[in-house]
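Observations on chain architecture
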Amino acid sequence: LFNEEAEEEEEEEEEVMTVFVELLLSLLARPSAALRSVVKRNFRAFCDFLTPGAVGVLTTVLSQSDKDLFNEEAEEEEEEEEEVMTVFVELLLSLLARPSAALRSVVKRNFRAFCDFLTPGAVGVLTTVLSQSDKDLFNEEAE
């Protein structure tokens with residue numbers, strides 16, 4: 001039972017870091033010096049936590065030509081903005097639930113840095129979490 005839980009936790013951690021790197025890369029592509037600065041700080045803060053899947057995402061992006069990257073970005077930019085911020089907020093909330101003061105500090109800095117870029121979907125995620133009672137939250141965690 002303990003081994004199964006440990007494996008599930010490792011798989012979840014792998015997925016979280018992979019999605020986190022994908023989000024940071026999508027934010028890095030936006031024409032904003034402030035966003036690039038925040039992304040740079042996040043990569044520095046989380047580089048010790050990078051998983052093989054997250055490194056794979058980085059190497060895939062680095063291996064693409066500039067032409068391929070710009071064509072893909074132009075087509076998907078508008079569609080992704082809402083989804084990126086929503087997933088980013090969900091990811092920050094999941095990191096916030098972990099028992100780590102360092103992660104909570106990073107999450108707090110990220111919310112401050114990205115609050116001007118929150119989309120309606122991201123705000124909806126926050127309000128859903130804030131509107132749940134403690135009892136509801138703890139029941140979800142137990143499942």
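The rules behind each value
For every chain, the first residue of its written sequence is number 1, and the numbers climb from 1 along that sequence. Where totals are concerned, whole chains, interfaces and linings use all residues; where local detail is concerned, this predicted model gives features only for residues with pLDDT of at least 70, and gives and counts side-chain atom pairs only at 80 or more. For side-chain calculations, the full set of non-hydrogen atoms in the structure is used, while hydrogens and water are omitted. Counting from the N terminus, the helices are DSSP H or I runs at least four residues long and the strands are E runs at least two residues long. We call a residue buried when its accessible area falls under 20% of the maximum for its residue type, exposed when it is over 50%, and partly exposed in between, using a 1.4 Å probe and counting protein chains only. Residue contacts are defined here by distance: any two heavy atoms, one from each residue, within 4.5 Å place the two residues in contact. Per-residue accessibility takes into account occlusion by the displayed protein chains alone, with areas from the Shrake-Rupley method and a 1.4 Å probe. Only the six-membered ring of Trp is used, alongside the rings of Phe and Tyr, when aromatic pairs are assigned; centres must lie within 6.5 Å, and planes under 30 degrees apart are stacked while those over 60 apart are edge-to-face, with the rest tilted. Put simply, a salt bridge is a Lys or Arg side-chain nitrogen that is within 4 Å of an Asp or Glu carboxyl oxygen. Each nonpolar core is a collection of buried residues, namely Ala, Val, Leu, Ile, Met, Phe, Trp, Tyr and Cys, held together in the definition by side-chain atoms within 4.5 Å. Patch construction takes residues with relative accessible area above 30% that form no salt bridge. Like charges are linked within 9 Å, and nonpolar side chains (Val, Leu, Ile, Met, Phe, Trp, Tyr) are linked within 5 Å. Here the positive residues are Lys and Arg and the negative ones are Asp and Glu; neither His nor the chain ends is included. Charge coordinates come from a single atom per side chain, which is NZ of Lys, CZ of Arg, CG of Asp or CD of Glu. Note on geometry: axes are C-alpha line fits, over the in-contact stretch for helices, and angles between N-to-C directions span 0 to 180 degrees. Working rule for angles: under 35 degrees goes down as roughly parallel, over 145 as roughly antiparallel, 65 to 115 as roughly perpendicular, anything else as oblique. Ten residues, namely Ala, Val, Leu, Ile, Met, Phe, Trp, Tyr, Cys and Pro, are considered nonpolar, four, namely Asp, Glu, Lys and Arg, are considered charged, and the remaining ones, Gly among them, are considered polar.

Attention shifts here to the overall build of the protein chain. Each helix and strand in the protein chain was counted, giving seven helices and zero strands. Seen in sequence order, the protein chain has helices and strands lined up from the N terminus as α-α-α-α-α-α-α. For the protein chain, the residues scored as buried account for 27% of the 143 residues in total. Sequence-distant contacts, at least 24 apart, represent 72% of the contacts inside the protein chain between residues at least 6 apart. Of the accessible surface of the protein chain, which amounts to about 9800 Å², a share of 54% is contributed by carbon and sulfur atoms.

The subject of this paragraph is the packing of aromatic side chains. Overall, the coordinates contain four aromatic pairs when judged by the stated rule. Seen from their ring centres, Phe88 and Phe114 are 4.7 Å apart, and the 70° between their planes marks the pair as edge-to-face. Of this pair, Phe88 sits in helix α4 (residues 66-96) while Phe114 sits in helix α5 (residues 101-114), and the two are 26 residues apart along the sequence. Of the two residues, Phe88 and Phe114, neither departs from the other in class, the shared state being buried. Cluster of aromatic residues (ring-pair linked, three or more members): Phe20, Phe46 and Phe49.

Taking the relative accessible area as the measure of exposure, Phe88 reaches 1% and is therefore buried. Placed 66 residues apart in sequence, Phe88 and Glu22 show a C-alpha to C-alpha distance of 9.8 Å. Dropping the residues within four chain positions of it, Phe88 is found in contact with Phe20, Leu23, Asn110 and Phe114.

Here we take up the pattern of salt bridges. In this structure the tally under the stated criterion is one salt bridge. Where Arg98 meets Glu12, a salt bridge forms, and the shortest distance between an N and an O atom there is 3.5 Å. Placement of Arg98 in the loop between α4 and α5 and of Glu12 in helix α1 (residues 2-28) is noted, with a sequence separation of 86 residues between them.

Judged by nonpolar contacts, the single largest core of 29 residues is most densely connected at Phe20, Phe46, Phe88, Leu95 and Phe114. For this core, the secondary structure elements donating two or more residues are α1, α2 (33-46), α3 (52-63), α4, α5 and α6 (120-131).

For Thr119, the position within the fold is in the loop between α5 and α6. In contact with Thr119, not counting residues within four places along its chain, are Glu81, Glu82, Met85 and Thr86.

Turning our eyes to something else, we now look at a negative patch on the surface. A surface patch of like charges, here negative, comprises Glu4, Glu5, Glu7, Glu8, Glu9, Glu10, Glu11 and Glu13. Residue placement: Glu5 occurs in helix α1.

So, on to the packing of α2 against α5. Remark: α2 packs on α5, axes separated minimally by 11 Å, with the N-to-C direction vectors making an angle of 170°. When the axis of α2 is compared with that of α5, the two are roughly antiparallel. Judged by residue contacts, Leu35, Val38, Asn42, Ala45 and Phe46 of α2 engage Leu103, Val106, Asn110, Ala113 and Phe114 from α5. Of the residues belonging to the contact of α2 with α5, the class tally is eight nonpolar, two polar and no charged.

All right, on to the side chain of Thr51 then. Relative to the elements of secondary structure, Thr51 occurs in the loop between α2 and α3. The class of Thr51 is buried, set by a relative accessible area of 9%. Not counting chain neighbours up to four residues away, the residues in contact with Thr51 comprise Glu13, Glu14, Met17 and Thr18.

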